[in-house]
Amino acid sequence: MTRYADIPKPIRSGIVLVDPELGTPQRIIVLQFNPDTLERSLSPQSAGGSGDSGGGGSGSGDRNEALRLKGPAQETWKFTAEIDATDQFEIAAPDGIHPQLAVLEMLVQPTSTQLREASRQSQKGTIEISPIEMPLTLFTWGSKRVMPVRLTELSINESAFDVNLNPIRASLSIGLKVLTVSDLPLGHPGAELYYAHLAQKERLAAAARTAGVGSLGLGSGGIGVGRG
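For every chain, the first residue of the written sequence is number 1, and numbering continues from 1 along that sequence. Owing to the predicted nature of the model, reporting of local features is limited to residues with pLDDT of at least 70; listing and counting of side-chain atom pairs is limited to 80 or more, with chain, interface and lining totals taken over all residues. Heavy atoms throughout the structure, all of them, feed into the side-chain values; hydrogens and water do not.

Caption draft 1: Representation of unusual backbone geometry within the structure. Its identity as a non-glycine residue notwithstanding, Leu-165 has a phi of 65°, on the positive side. Structurally, Leu-165 can be placed in the loop between β6 (146-161) and β7 (167-178). Helix numbering and strand numbering both begin at the N terminus, where a helix is a DSSP run of H or I of at least 4 residues and a strand a DSSP run of E of at least 2.

Caption draft 2: Summary view of the pairing of strand β2 (residues 25-30). A pair of strands counts as paired when DSSP detects no fewer than two bridges linking them. Pairing of strand β1 (residues 14-18) with β2 involves five bridges; the strand directions are antiparallel. Residue pairing in the sheet places Leu-17 in a bridge with Arg-27 of β2. As consecutive antiparallel partners, β1 and β2 are separated by six residues, and within that stretch Gly-23 has a phi angle of approximately 75°, a positive value.

Caption draft 3: Expanded view of the pattern of salt bridges. The term salt bridge refers to a pairing of a side-chain nitrogen on Lys or Arg with a carboxyl oxygen on Asp or Glu at a separation within 4 Å. One pass over the full model with this rule turns up six salt bridges. A salt bridge links Glu-65 to Arg-68; the nearest nitrogen and oxygen atoms lie 3.9 Å apart. One salt bridge in this structure joins Lys-201 and Glu-75, with 4.0 Å as the shortest N-O distance. Of this pair, Lys-201 sits in helix α3 (residues 189-207) while Glu-75 sits in strand β4 (residues 69-84), and the two are 126 residues apart along the sequence. Throughout, exposure labels follow a simple rule: accessible area from a 1.4 Å probe, protein chains only, divided by the maximum for the residue type, with under 20% read as buried, over 50% as exposed, and the rest as partly exposed. On the accessibility criterion, Glu-75 (4% relative accessible area) is buried. Linked by salt bridges that have partners in common, Arg-40, Glu-75 and Lys-201 make up one network.

Caption draft 4: The environment of Gln-26, seen in detail. Assignment of secondary structure puts Gln-26 in strand β2. If near-sequence neighbours (up to four positions away) are discounted, Gln-26 is found in contact with Leu-17, Val-18, Asp-19 and Pro-135. Throughout, a contact is declared for two residues whenever any of their heavy atoms are within 4.5 Å.

Caption draft 5: A look at the confidence of the model for the chain. Confidence of the predictor at the level of single residues is given by pLDDT, which spans 0 to 100. A residue-level look at the chain finds 83% of positions with pLDDT of 70 or above and a mean pLDDT of 84. Low pLDDT, under 50, characterises residues 51-57; the stretch is placed with eight contacts to residues that sit more than four places away or in other chains.

Caption draft 6: Representation of the side chain of His-188 within the structure. Secondary-structure assignment places His-188 in the loop between β7 and α3. Taking the relative accessible area as the measure of exposure, His-188 reaches 13% and is therefore buried. At 2.9 Å, the side chain of His-188 and the backbone nitrogen of Gly-190 are in polar contact. Two N or O atoms count as a polar contact when they lie within 3.5 Å, although within protein this holds only if one can serve as hydrogen donor and the other as acceptor, and sequence-adjacent residues are included solely when both atoms are side-chain atoms.

Caption draft 7: Main features of the packing of aromatic side chains. Each pair of aromatic rings taken from Phe, Tyr and Trp, with Trp reduced to its six-membered ring, is defined by centres within 6.5 Å and is described as stacked if the planes are under 30 degrees apart, edge-to-face if over 60, and tilted in the remaining cases. Per the counting criterion, the structure on display carries three aromatic pairs. Relative to Phe-139, the ring of Trp-77 lies with its centre 5.5 Å away and its plane at 70°, an arrangement referred to as edge-to-face. Remark: Phe-139 occurs in strand β5 (residues 136-140) and Trp-77 occurs in strand β4; sequence separation between them is 62 residues. On the basis of relative accessibility, which here comes to 1%, the residue Trp-77 falls in the buried class. Residue classification places Phe-139 among the buried positions, given a relative accessible area of 0%.

Caption draft 8: Broad picture of the sheet that holds β4. Across the sheet, seven strands lie side by side as β2-β1-β5-β6-β7-β4-β3; this open sheet has antiparallel pairing. Two strands bound the open sheet, and with one partner strand each, they are β2 and β3 (39-46). In this sheet, neighbouring strand axes are inclined to one another by 25° on average, regardless of whether the strands run parallel or antiparallel. Direction of pairing for β5 relative to β6: antiparallel, over a ladder of four bridges. If you follow Phe-139 over to β6, its bridge partner there is Met-147. For every element, the axis is a line fit to its C-alpha atoms; helices are fit only across the contacting stretch, and the angle between N-to-C directions ranges from 0 to 180 degrees. This element, α3, spans β3, β4, β5, β6 and β7 of the sheet and lies at about 90° to β6.

Caption draft 9: Looking closely at the nonpolar core. Nonpolar core, defined: a set of buried Ala, Val, Leu, Ile, Met, Phe, Trp, Tyr and Cys residues in which side-chain atoms within 4.5 Å join the residues together. Core analysis: the largest hydrophobic core is formed by 26 residues, its most contacted members being Ile-15, Phe-79, Leu-104, Leu-107, Phe-139 and Leu-176. In terms of residues, this core owes the most to one element, β7, which gives six residues. Once residues within four sequence positions are removed from consideration, Leu-176 is found in contact with Glu-75, Thr-76, Trp-77, Phe-79, Phe-139, Val-149, Arg-150, Leu-151 and Thr-152.

What follows is the structure, given as structure tokens:
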């Protein structure tokens, strides 16, 4: 039998739940298959208000703020993940993929214990009940993309079932919002992780090859602008 010992084992993308106070991992969720595609969107936080309103350039923003940013860009991710119990025959799955689905569903809702405690506090006459804090969620896509996120979308399409109606195959549409220092308090572990994520982008940008203005069909002084 031919062996391919030199073929590197693929790195899996995944989700890590981190204690928001201690910064220590609580649970690691490895996606069974890496998504084939990723949809990413970045929206800059411009300081100039609504900017150009169209119709001849009569923008409503402050001209002095046109090139200024109020903070980090708002970044979102969307992808489809697959879970298939039939791909892992060697692993017993009496409940199908119910456990894997339940782990992901618990990322967007509090536990029964937390809800009962909130209900008890309400019955005791507590004037203000603080919202339930969930674990800090990290999304990892290789070593160069590790970022704090919040799940904004979780849509599940179950497509196959066993004789006990346990789901055994499903596709999940997952939406994530990258949490930045605009979303997290100073000193929060997630804020530090975002700084590290942004620093990684800066290192990658610095490593990109640059081109001269000649490649754009411009002379050495083709884009010079003077101030009169």
